[in-house]
Amino acid sequence: MSTTPDTHTPEARENLDIYATSAADTADTEGARVFNAAGGDWDQLSDDATALHEERIVVNMGPQHPSTHGVLRLILELDGETVTEARAGIGYLHTGIEKNMEFRTWTQGVTFCTRMDYVAPLFNEAVYCLAVEKLLGITDQIPQRASVIRVLMMELNRISSHLVALATGGMEMGATTVMTVGFRERERVLAIFEMISGLRMNHAFIRPGGVAQDLPPGAIDKVRDAVPAIRKGLGELELLLNENPILKGRTVDVGYLDLTGCMALGITGPILRSTGLPHDLRKSDPYCGYETYDFEVVTRDSCDAYGRLRIRLDEMYESLKIVEQCVDRLQANPGPVMVEDKKIAWPAQLAIGGDGMGNSLDHIREIMGTSMESLIHHFKLVTEGFRVPPGQAYAAVESPKGELGCHAVSEGGTRPFRAHFRDPSFNNLQATAAMCEGGQVADVIVAVASIDPVMGGVDR
Amino acid sequence: MSDEKKPDAKTEAALPGPNAEVEKGDTKAAAEHGATTGDNLPAAPGTVPEPVVVGERRGMFGAADVGDTSGYGGLRTPILFPAAAQRPYGGWFDEIADSLERGLVGGDASFGEAVERVVVDRGELTLHVRREHLPTVARVLRDDPALRFEICTGVSGVHYPGEQGRELHAVYHFLSITHGSRRVRVEVSCPDGDAHIPSIVSIYPAADWHERETWDMFGIEFDGHPSLTRILMPDDWPGHPQRKDYPLGGIPVEYKGATIPPPDQRRSYN
Amino acid sequence: MGIEEKLPAGFLLTTVEQVAGYMRKSSVWPATFGLACCAIEMMAVGTPDYDIARFGMERFSATPRQADLMIVAGRVSQKMAPVVRQVYDQMPEPKWVISMGVCASSGGMFNNYAIVQGVDHIIPVDVYLPGCPPRPEMLLNAILTLHEQIQGSKLGVNRVAAARAAEEAALRATPTHQMKGLLAEGAGSLRVAAGLQAPHDHTVAHRHGGAGGVA
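Residues numbered from 1 in each chain as written. Chains lettered and ligands numbered in written order. Predicted model: local features only at pLDDT ≥ 70, side-chain atom pairs only at ≥ 80, totals over all residues. Heavy atoms only, no water.

A.B. asks: How would you sum up a negative patch on the surface? Please name residues and give values.
C.D. replies: There is a patch of like negative charges on the surface, built from A:D41, A:D43, A:D47 and A:D48. If you trace the backbone, A:D41 turns up in the loop between α2 (23-28) and α3 (42-51). (Patch = residues over 30% accessible without salt bridge, like charges linked within 9 Å, V, L, I, M, F, W, Y side chains within 5 Å. Areas by Shrake-Rupley, 256 points an atom, 1.4 Å probe, with all protein chains shown as cover. Salt bridge = Lys/Arg side-chain N within 4 Å of Asp/Glu carboxyl O. Lys, Arg positive; Asp, Glu negative; His and termini not counted. Charge placed at Lys NZ, Arg CZ, Asp CG, Glu CD. Helix = DSSP H or I, 4+ residues; strand = E, 2+ residues; numbered from the N terminus.)

Structure representation (C-alpha cells):
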C-alpha cells in the first residue's frame, strides 16, 4: 500500500511525517488532529495539543511497550488521567499457526500448537492431543502412566505460567524483586522440564496417543526435591505481595469485573473465579484423570485484580499438591507411556547417546534386527503419519488463563483439515474495555496484567 | 454402500469397540442403530440418513500435483462425515433436543425449520442450524432454564471447498456451567458466493472478536456485528488467509546445494 | 557520530577505536523488544540465574531513544514489521541488532503468509542467534559475540573502508544453494564457503558424483 507522502511543495516537505505508518491514518482521523510523537520538540507538540482546547486525547500504547504482555496495542481515549474509552488492538503476533498445521501431519501439529501460548506450552499440546485422541476414539486407551505424566507436566506448567504472570505483573507495577524471585522459582520448574522433555520451553512432549518418552531416571527425585524449594519460593512471593500496602493500593478494586460481566463476555479462568464462581474444567469436565486427584478450586469474591493475584498464588500451591500426588503415582506404577495401537503410537524411544539425544539403540536394534513390522510402522508414522477417521471434535482444558479449547476437523487424512484453538486470552482480552473504562491510566496496566494475556495465544 | 470404499484397514484398526451409549463416527454403527433388524444387515437404502459427503480424496495417498505412482491413482473416495443421528441420541443429548424443541415453540421457527440435522459423533452433539434461524436458536440456548448455555466459547470457521453450496461453515461451541459443563456444538453453513451469517453478538457478546476473526480468516460476513473489521491481519490485507484457496504463502528455503520449496508446494502424501 | 569520526587514520585512531569500543561494549542498553517465546528467555537472561547485569545490561530501556541494542526476540508478523522499523529508526547511533531465535533470523518454522522471513528484511542485523527458543546461555553467547564485534569496530576512515570491504566480500560470496557442504567431494571446505576461493566447476563435480552428496 502506498505511503509516499507529498513532497512537491516546501510546506509539504516541512510537514513531512516520515513516521506516518499508513495513508489510512489521515483518512480515518478526519476532523481530528493527529500528532505523531516521533522526535522533535515535545514542548511544541504539547503546546499545539493544548491549543486545541480539547479535553480528550487518544493515546496509543504499544505495540511495543514495557507494560504490555507482548505486542498488545492499547488505544486509550483519555480525559486528563481518566480513561474514557479503551480498546485493545491485537494481531501483531499473528503467525498463521492454524493454517500451518493443515500442511503437517497430526503429530507434527504438536510442535506448532505448542508455540501459541508460549508460557504454558504443555496445555496447548495437551488440548490438541485430547482433540486428536477424541477423533481417533482412543481416549480410553491412553495408558494411565501417560495421563499421570501429562497431569504432572501440566501442573508444573501452571506453576511456571502463574509465576510469569505474577513476576511480569509485579515488574509492571515497579516491583522488580517480584520479577527476580518469580523467575528464580520458574527456573526450578524449567530445569525439571528440561530433564524430562529435553527443552525448557515449547517442548513437543505430549503427543497424540501419550507422551513422547518416559521419564528419565532421576526425574522423580528431581521433582520431589524441587517441590519444597518451590513452596519456599512461593512463600517469599507471598511475603512480597499479599499484604504489601502499595500493591494493595494498586490492585484492590482495580479491573473490576463481576459475574454478570464475566458471563456476558464468556470469561473463564482466574478472572471468573475471582467473582466467586468456582468453575474449573478440571473439576467440572475432567480429563486425563483429574477426577482422581485431591485439590481445591481457589475462588475469591472481590472481582478485582487483587483477588486474581491471590487466586494465582493459591492455585500454585494447589498445583504443588497435585504434583506430589503425581510423583507418588509415577513411582508406584511403571508402565507404557504410549497407546498400544502401533499404527498410532509414536515409535521411537529416545535416549541420550554420544552425540546428543536420538533414537535409543535398543529401538534401532529392534527395528533393524528383529521386527520388520516395527520398521514399517516407524517409517510410515514418521514420514506419512497416522490417519484419523473423518469428523470433528472439540476438547477443552483448564489452562492457567482459562478455558483453552481445540476444535479439530479431520477429513480422513494424515493432516488436520482444520485445527482451531479457542485461546482464553483471546476471549478474555475483550474485557479490557469493561475493566479499564472509567479508571486511571495506571490502572489499565494493572487490569491488563490481571487478565494475563499471552499474545502468542491471542494472535496465534 | 459408499462407506465400504474408505481405506478401511488403517481406520478400522484405529477405532475401538463401540462405547456403551455413545455412537462412534463409523457410519456402520449409525446405520445399525437406526435399523430395526437384528440380523446385522445394512438398512435398506433411503430408510436411514446417509453420511454427508464433504469432499473427495483422489488416489491412495492424496498426491495432488505430481503423478501418483502407487498404482491406485484412479481411486476416488468420498470423504464422509457422520450421518444424521436418529432418536434416541443417548445420554443427555435427548434432553437438549427436547428442551430446544420446546423452547422454539411459539418463536420465529420451529425445531424442524431451524435445525436441519442433528449429529451425534464421538461423544458430542452437533446441531446443524439454518443460518437465518441462528439468533433464535442461540437465544433459546441461552435463556431456556433447561438449556442455559451461558458461555459461547467461540466461533470457528471451516472451509470445505468440496461441499458445493455449503462451503463455509461457522462452528459455535456452547458451554453450560449450570448443568455441569455440558457442551453442544452448533454448526451453520453458507455458500461461498453469499457468505452471510447473522451475528449473535447481541446474545453472546463474547462472540464479538471470534466473529471478527472468522471474517478475517474466512470471509464470512456476520450481519449485525457492530464492527466487523480485520483483527489478526493488518487492516488493509487483501484476501482471507485460512481459506483453502489461499496459499500458505511461504518462500523457498535455500540450503547448501538445494532449495526446498515451501510446505504447500512440496510433495505431500496424505 | 562524533569527533572520533573526524580523526585521521593512524595510530591515534586505533587507540581511540579501542577505547571507544571498550566503553561502548561495557554498557550496552538493550531495548525491550520481546515479541514471542524468545522474549521469555530474554527476560530470563535478566534474572539472577543468568544475570545479564554482569555486563551492565540489566537496564532494559523501554524507550528506544535511550537504547543501544535491539534484541528482536520472537517472530515478526507482517503487521508488526512497520513497528519494528519505526523502533529501529528511533534508536540513536551507535546501535546494534541481535536477531534472537530462528523466527527473527529467518522466519523459523513459520514459512507462511503472516511472518516476515527474517527480520533482516527490515533492519540490518549484527548477530544472528538460532534456537527455538535459544537458551539464556546462548543469548549471552550472542551478546558476547556482539561485544567482540563492538570492541573491534572501526571508526572514521577505517569504518568506511571496513564497510566497503564487507560489501565487496558479500558481492563476491557464493549463494547458499551453490555452496557445497563440508562433506561433499571437492568442496575445498571452508575457504569455498567463505567466498574467498572460487567454487569448483559444477559440471566436473557432477561427473565425479561429488555434488550428489548434498541434499
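A.B. asks: Could you give an account of a nonpolar patch on the surface, with specific residues and numbers?
C.D. replies: On the surface, A:L361, A:I364 and A:M368 cluster together into a nonpolar patch covering about 320 Å² of accessible area. Relative to the elements of secondary structure, A:I364 occurs in helix α15 (residues 361-370).

A.B. asks: I'd like a rundown of the interface of chain A and chain B, residues and numbers included.
C.D. replies: How big an interface is tends to be stated in terms of accessible area lost as the parts join. The partner chain B presents 62 residues to the 63 residues of chain A that form the contact. Contact with chain B buries area across many residues of chain A, yet A:K99, A:R387 and A:Q392 alone supply 14% of it, more than any other trio. At the boundary of chain A with chain B, the tally comes to five salt bridges. Between B:R183 and A:D285 there is a salt bridge; the shortest N-O distance is 3.3 Å. If you look at where chain A meets chain B, you find 25 residue pairs in polar contact (both at pLDDT 80 or more). (Contact = heavy atoms within 4.5 Å. Buried area = accessible area lost by both parts, 1.4 Å probe. Polar contact = N/O pair within 3.5 Å; in protein donor to acceptor, adjacent residues only side chain to side chain.)

A.B. asks: Describe in detail the interface of chain A and chain C, supporting the description with residues and values.
C.D. replies: Residue-level contacts link 38 residues of chain A with 36 residues of chain C. Both sides together, the interface formed by chain A and chain C hides about 3200 Å², and carbon and sulfur atoms give 62% of it. Here chain A and chain C share two salt bridges between them. The closest approach of N and O atoms between A:R200 and C:E41, which form a salt bridge, is 2.9 Å. Only α4 (97-101), α5 (108-113) and α8 (176-197) of chain A provide two or more residues apiece to the side of chain A that touches chain C. For the side of chain A that touches chain C, the element with the highest residue contribution is α8(A), accounting for seven residues. Grouping the amino acids of the side of chain A that touches chain C by side-chain chemistry returns 16 nonpolar, 14 polar and eight charged. (Nonpolar A, V, L, I, M, F, W, Y, C, P; charged D, E, K, R; others polar.)

A.B. asks: How would you summarise the sheet that holds strand β2 (residues 73-79) of chain A if you had to cite specific residues and measurements?
C.D. replies: Residue and element names in this part refer to chain A. Across the sheet, which stays open at both edges, the three strands sit in the order β1-β2-β3 with antiparallel pairing between neighbours. Of all strands in the sheet, those with a lone pairing partner are β1 (56-61) and β3 (82-89), marking the two edges. Strand-to-strand, the axes of this sheet are offset by a mean angle of 20°, without reference to chain direction. Pairing of β1 with β2, which is carried by six bridges, proceeds in the antiparallel orientation. Paired with N60 across the bridge in β2 is I75. Along the sheet, helix α19 (residues 441-451) contacts β1, β2 and β3; its crossing angle with β2, the most-contacted strand, is approximately 150°. (Pairing = 2+ DSSP bridges. Axes fitted to C-alpha atoms, helices over the stretch in contact; angles between N-to-C directions.)

A.B. asks: Which residues make up the packing of aromatic side chains, and what values go with them?
C.D. replies: Here the structure, examined in full by the defined rule, presents 12 aromatic pairs over all chains. Ring geometry for B:Y172 against B:F174: centres 6.4 Å apart, planes inclined by 5°, an arrangement best described as stacked. For B:Y172, a relative accessible area of 0% corresponds to the buried category. Aromatic rings pair up to connect A:Y287, A:Y290, A:Y293 and A:F295 into one cluster. A cation over a ring is seen here: A:R329 above A:Y293, with NZ or CZ 3.9 Å from the ring centre. Sitting over the face of the ring of B:W215, B:R230 holds its NZ or CZ atom 6.0 Å from the ring centroid. (Phe/Tyr/Trp six-rings, centres within 6.5 Å; stacked < 30°, edge-to-face > 60°. Buried < 20%, exposed > 50% of the residue type's maximum accessible area, 1.4 Å probe, protein only. Lys NZ or Arg CZ within 6 Å of the ring centre and 35° of its normal.)

A.B. asks: How would you summarise the state of the cysteines if you had to cite specific residues and measurements?
C.D. replies: Covalent bonding between the sulfur atoms of two cysteines is what defines a disulfide. Taken as a whole and judged by the stated rule, the model has zero disulfides over all chains. Left unpaired, B:C190 is separated from the closest cysteine sulfur, that of B:C152, by 16 Å. The exposure class assigned to B:C190 is buried, which follows from its relative accessible area of 0%. The thiol of C:C132 is unpaired, and the distance to the nearest cysteine sulfur, on C:C103, comes to 5.4 Å. Here C:C132 falls in the partly exposed class, since its relative accessible area comes to 29%. (Disulfide = S-S within 2.5 Å.)

A.B. asks: Lay out the domain arrangement of chain A in plain terms, naming residues and giving numbers.
C.D. replies: Residues and elements named next belong to chain A. Taken as a whole, chain A is organised into domain 1 (21-89) and domain 2 (102-344 + 386-459). For domain 1 versus domain 2, the separation of C-alpha centres amounts to 35 Å. Between domain 1 and domain 2, the buried area comes to about 1500 Å², and carbon and sulfur atoms account for 65% of it. For the pair domain 1 and domain 2, the number of links is one salt bridge. Close ionic contact of R87 with E437 constitutes a salt bridge, the shortest N to O distance being 3.1 Å. There are five residue pairs in polar contact (both at pLDDT 80 or more) connecting domain 1 and domain 2. Breaking the side of domain 1 that touches domain 2 down by element, the ones donating at least two residues are β2 and β3. The element best represented in the side of domain 1 that touches domain 2 is β3, accounting for seven residues. Considering only residue class, the side of domain 1 that touches domain 2 consists of 10 nonpolar, six polar and three charged. (Domains from an automatic or database assignment.)

A.B. asks: Break down the environment of B:E101 for me, with residues and values.
C.D. replies: Residues and elements named next belong to chain B. Structurally, E101 can be placed in helix α3 (residues 93-104). Residue E101 is classed as partly exposed on the basis of its relative accessible area of 35%. Sequence-distant contacts of E101, defined by excluding residues within four places in its chain, comprise R87 and F111.

A.B. asks: Talk me through the pattern of salt bridges; I want residue IDs and the actual numbers.
C.D. replies: Between side chains of opposite charge, pairing is possible as soon as their charged atoms come close. This model, assessed by the stated rule, comprises 47 salt bridges over all chains. A salt bridge links A:R200 to A:E187; the shortest N-O distance between them is 3.0 Å. Here A:E187 lies in helix α8 and A:R200 lies in the loop between α8 and β4 (206-207), a separation of 13 residues in the sequence. You can call A:R200 buried: its relative accessible area is 6%. Judged by its relative accessible area of 6%, A:E187 is buried. Taken together, the salt bridges that share partners define one network made up of A:E98, A:R418, A:R460 and B:E213.

A.B. asks: Any details on unusual backbone geometry? Residues and values, ideally.
C.D. replies: Note: most peptide bonds trans; most residues except glycine with negative phi. Residues B:R87 and B:P88 are joined by a peptide bond in cis, for which omega reads -10°. By secondary structure assignment, the location of B:P88 is in the loop between β2 (76-81) and α3. A cis amide bond, omega -10°, links C:E93 with the succeeding residue C:P94. Tracing the sequence through the fold places C:P94 in the loop between α3 (81-90) and β3 (96-100).

A.B. asks: Could you give me a rundown of the sheet that holds strand β1 (residues 30-31) of chain C, with the residues and numbers involved?
C.D. replies: Residue and element names in this part refer to chain C. Pairing is parallel in the open sheet, where four strands are placed in the order β1-β2-β3-β4. With partners counted over all chains shown, the strands left at the sheet margins are β1 and β4 (127-129), one partner each. Sheet topology note: the strand β2 (residues 69-73)/β3 ladder contains five bridges and is parallel. If you follow M70 over to β3, its bridge partner there is V97.

A.B. asks: Give me the lowdown on the side chain of C:K95, citing residues and values where you can.
C.D. replies: Residues and elements named next belong to chain C. In this fold, K95 is placed in the loop between α3 and β3. Despite its burial, K95 pairs with no opposite charge, the nearest such side chain being E93 at 4.8 Å. A polar atom in the side chain of K95 sits 2.8 Å from the backbone oxygen of Y88. A polar contact of 3.1 Å, which involves the side chain of K95, links it to the backbone oxygen of M91. Those residues within four positions of K95 in sequence are excluded, and the remaining contacts are D68, Y88, D89 and D126.

A.B. asks: For α19(A), give the residues involved together with the corresponding values.
C.D. replies: Residues and elements named next belong to chain A. Among the 11 residues in α19, nine count as buried, and that is most of the element. Those residues of α19 that fall on the buried side of the exposure criterion are V441, V444, I445, V446, A447, V448, A449, S450 and I451. Downstream of α19 by a residue or two, D452 has a phi angle that is positive, lying close to 55°.

A.B. asks: Which residues make up the packing of helix α9 (residues 219-241) of chain A against helix α14 (residues 305-332) of chain A, and what values go with them?
C.D. replies: Residues and elements named next belong to chain A. Taken N-terminus to C-terminus, the directions of α9 and α14 make an angle of 165°; their axes are 10 Å apart at the nearest point. It follows from the interaxial angle that α9 and α14 lie roughly antiparallel. Every pair of crossing elements has a handedness; the one defined by α9 and α14 is left-handed. (Parallel < 35°, antiparallel > 145°, perpendicular 65-115°, else oblique. Left-handed = near helix turned anticlockwise from the far one by under 90°.)

A.B. asks: How would you summarise the side chain of B:R117 if you had to cite specific residues and measurements?
C.D. replies: All names here are of chain B. Mapping R117 onto the fold places it in strand β3 (residues 115-121). Nearest to the buried, unbridged R117 among oppositely charged side chains is E116, at 5.2 Å. Not counting chain neighbours up to four residues away, the residues in contact with R117 comprise V52, A84, T126, L127, H128 and R166.

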